[in-house]
Amino acid sequence: MVNKPSGIRQKKAGGPQKRAKPYTAMQMEYLTEAIRKRQKVIECKKTDTVVNAEKTVAWQDVSNEINAQLTPEDGPRTLVQLEGKWKQMKRDAGKCTPGPSTSSDKRGAVGGVERDKDTEDILNCILPPREWEQDGQLWIQQVSSDPATRLDVLKLAEQLDMRLQQRQARETGICPVRRELFTQCFDELIRQVTINCAERGLLLLRVRDELRMTAVAYQKLYESSIAFGIRKALYAEQGKEDMAEKVEQLTAEKNKLQLQVVDLKAKADMIERRAKELRLAEEKQHAEEISFLRRANQQLKVREI
């Protein structure tokens, strides 16, 4: 015996039921994520016994998953409450359109398909598909065009922190690992935003490209400054060797000149001594001549008398 098919509300017999607390934004995100995993079964249009049984099992899995994440204060959510909330969310989002489809509905569906195709084209331009060959076959991997929920963003943040710890990225300074992980995270955020609004995604793409160009410019400036510093160091080292050779040459010349100065001083002293001796000899000879002339003059005066 199977449970009652999905989509039919079950009521308990007895007195008035206790009214459940309103859904929070986090709980609605949990519900959307749980139903998205089983969307093919829950949104199936068939109503046979097998499909209804599968729907019941799927809704039971959704209920178990949601209740496992609720606190005791929120209390468990029944299948009827979850189904009713899902229908209300679809009505609020405009996804539930009862009645026969009109031409405007078909045009809207066609426009939605075209928008989805345009979004995929934009995503492929922003994040090009990966291509590789394996076992003689060409494989192509494209980014997903499924919209992200708030729960996906929280999981992305948790995964980013986990990867930073696993790869031991540095918290400060220049770190290629941290830059790579944050680049991947930013690309994922651009993908999520592009699905909801292509224009906003393209604007974020321009911001990303501008940041990359700025980083590349700073990197080139750093590399050029390093090269300039190395060239200056090489020139300084080469100039140092030239200056050392010049210093040695000038030192040798100085020593040679000092020897010449000593020789010249010795020669000057010798010449000065010779000149002094010659002067003394000449003075002595001059004095002797004067004395002789005086004696001769005295003798002449005596004879005249």
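Criteria and cut-off values
- Residues numbered from 1 in each chain as written.
- Predicted model: local features only at pLDDT ≥ 70, side-chain atom pairs only at ≥ 80, totals over all residues.
- Heavy atoms only, no water.
- Pairing = 2+ DSSP bridges.
- Helix = DSSP H or I, 4+ residues; strand = E, 2+ residues; numbered from the N terminus.
- Expected span 1.5 Å × (residues − 1).
- Buried < 20%, exposed > 50% of the residue type's maximum accessible area, 1.4 Å probe, protein only.
- Patch = residues over 30% accessible without salt bridge, like charges linked within 9 Å, V, L, I, M, F, W, Y side chains within 5 Å.
- Areas by Shrake-Rupley, 256 points an atom, 1.4 Å probe, with all protein chains shown as cover.
- Salt bridge = Lys/Arg side-chain N within 4 Å of Asp/Glu carboxyl O.
- pLDDT = per-residue confidence, 0-100.
- Contact = heavy atoms within 4.5 Å.

## Considerations on the pairing of strand E2 (residues 137-141)
Here five bridges tie strand E1 (residues 130-134) to E2, and the two strands are oriented antiparallel to one another. Paired with Trp132 across the two strands is Trp139, which belongs to E2.

## A closer look at helix H8 (residues 198-304)
Relative to the 159 Å expected for 107 residues at 1.5 Å per residue, H8 spans 151 Å between its end C-alpha atoms, a close match to the ideal helical length. Considered for burial, the residues of H8 that qualify are Ala198, Gly201, Leu205 and Arg208.

## As for the pairing of E1
Of all five residues that make up E1, zero are buried, and the element is exposed over most of its length. Where E1 folds back on E2, the antiparallel hairpin that results is connected by two residues, among which Asp135 adopts a positive phi of roughly 55°.

## Points about a nonpolar patch on the surface
On the surface, Tyr222, Ile226, Ile230, Leu234 and Tyr235 cluster together to form a nonpolar patch covering roughly 570 Å² of accessible area. Of note, Tyr222 is situated in helix H8. Judged by its relative accessible area of 54%, Tyr222 is exposed.

## Quick notes on the confidence of the model for the chain
On average, residues of the chain carry a pLDDT of 79, and 83% of them reach 70 or more. Contacts for the low-pLDDT stretch residues 1-18, under 50 throughout, to residues beyond four places or in other chains number 19 contacts. Contacts of residues 95-113 to residues separated by more than four positions or lying in other chains number six contacts, the stretch itself having pLDDT below 50.

## Some remarks on the pattern of salt bridges
Here the structure, examined in full by the defined rule, presents seven salt bridges. Glu180 serves as the salt-bridge partner of Arg167, at 3.4 Å between the closest nitrogen and oxygen. Of this pair, Arg167 sits in the loop between helix H6 (150-166) and helix H7 (176-196) while Glu180 sits in helix H7, placing them 13 residues apart in sequence. Judged by relative accessible area, Arg167 falls into the partly exposed class, the value being 39%. Across the pair Asp187 and Arg212 runs a salt bridge whose closest N-O atoms are separated by 3.7 Å. Here Asp187 is found in helix H7, whereas its partner Arg212 is found in helix H8, with 25 residues between them in sequence. Several salt bridges share partner residues, and in doing so they unite Asp187, Arg208, Asp209 and Arg212 into one network.

## Points about the side chain of Arg191
Of note, Arg191 is situated in helix H7. Setting aside its immediate chain neighbours within four residues, Arg191 contacts Leu123, Leu127, Val143, Ser144, Ser145, Asp146 and Ala148.

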